[in-house]
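# Summary of the model geometry
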Amino acid sequence: MELLIPLIAAHLAGDFVLQSSSWVKQKEEKGILSWQFWAHGFVHFALAAIFVFKLSFVPWAALLGLLHLCIDLLKRSMTANRRFWFVFDQFLHLASLVLLVAVVQYTQHGHIVIPNFGLSPMQFWAVTAGYIMVTTPASYLIRAFISNWKRDEEGTESFESVLLKPSPEENMATWRKKNKDGQPEELGLENAGFWIGILERVLSYTFIISGQFGAVAFLIGAKSVFRFGDMKEDRQIGFTEYVLIGTLLSFGIAIFTGLLVCKVLALKTGTGYRMF
């Protein structure tokens, strides 16, 4: 970790702080023919060498700069779905950092050091399972629970088809109201509620295993303030109850999962335990 963290800091500084929009434009238009492309690679080399600040790491920093340029070339060749390729590009950069650190450790020490954050294998997988649980699996549980209140226009929607559709908290755009012309009008952004639900559960779960219960209360309160305006404007009792059920289920699953994982973490000492 003492090598990976400085490299991550160097990557963030080189890719987002010390790279102007004009550089990005020239790189996309001219590729390897632009001096900005090579300057960008040199910046990453220099930052990695400076942040690690070890003479023996300089050749590895040069290799890291070349890897960064190769990944940027790959991203430039992909023109479809730029948002996906931006995320994937950053994933590849971080993966290259992890791989480089592993190779450096192996060449210097003969083995690879994998950080466990003071957790046993059982505790590590308990925390990991908790994070997985509060994402998509929690969405399916919410959808299954509210399936009695979610029907299609003819009221014949099957239970299985309900599971494949957004829950109240996962996608509030599925709720509709009629505008002044009597036409259906969607509420909210498409799939925005899906990500809101996942983010609120991931944050709540993280706060619980960190022992920051007050932060969970703040998160619930903050969301209530924003949702209150929507429900007040809509003035539909069914809509309010629907959202309230989804919200309570979402936070409830995250809190219960966090408390359960805390019990597993407490097995380390037999007393109360929090991860951070």
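Residues numbered from 1 in each chain as written. Predicted model: local features only at pLDDT ≥ 70, side-chain atom pairs only at ≥ 80, totals over all residues. Heavy atoms only, no water.

Here the focus is the packing of aromatic side chains. According to the stated counting rule, one finds 11 aromatic pairs in the structure shown. Aromatic pair Trp85 and Phe88: ring centres 5.4 Å apart, planes at 80°, arrangement edge-to-face. In this pair, Trp85 and Phe88 are both assigned in helix H5 (residues 82-109), three residues apart and thus about one turn of the helix distant. Seen in terms of ring centroids, Phe88 and Phe91 are 6.1 Å apart; in terms of plane orientation they differ by 25°. Their pairing is stacked. One end of the pair is Phe88 and the other is Phe91, both in helix H5 and three residues apart, which spans about a single turn. Phe88 gets classed as partly exposed once you look at its relative accessible area, which sits at 29%. Note on Phe91: relative accessible area 51%, which makes it exposed. (Phe/Tyr/Trp six-rings, centres within 6.5 Å; stacked < 30°, edge-to-face > 60°. Helix = DSSP H or I, 4+ residues; strand = E, 2+ residues; numbered from the N terminus. Buried < 20%, exposed > 50% of the residue type's maximum accessible area, 1.4 Å probe, protein only.)

Let's shift gears to helix H7 (residues 136-145). Listed in full, the buried residues belonging to H7 are Ala138, Ser139, Ile142 and Arg143. With its buried residues spanning 140° around the axis, H7 presents them on a single face. (Arc of directions from axis to C-beta.)

Let's shift gears to a nonpolar patch on the surface. On the surface, a cluster of nonpolar side chains totalling about 580 Å² of accessible area is made up of Leu12, Phe16, Val17, Leu18, Phe86 and Val87. Counting only elements with at least two residues in the nonpolar patch, the list comes to helix H1 (4-17) and H5. When residues of the nonpolar patch are assigned to their parent elements, the largest contribution, three residues, is made by H1. Inspection of the secondary structure puts Phe86 in helix H5. (Patch = residues over 30% accessible without salt bridge, like charges linked within 9 Å, V, L, I, M, F, W, Y side chains within 5 Å. Areas by Shrake-Rupley, 256 points an atom, 1.4 Å probe, with all protein chains shown as cover. Salt bridge = Lys/Arg side-chain N within 4 Å of Asp/Glu carboxyl O.)

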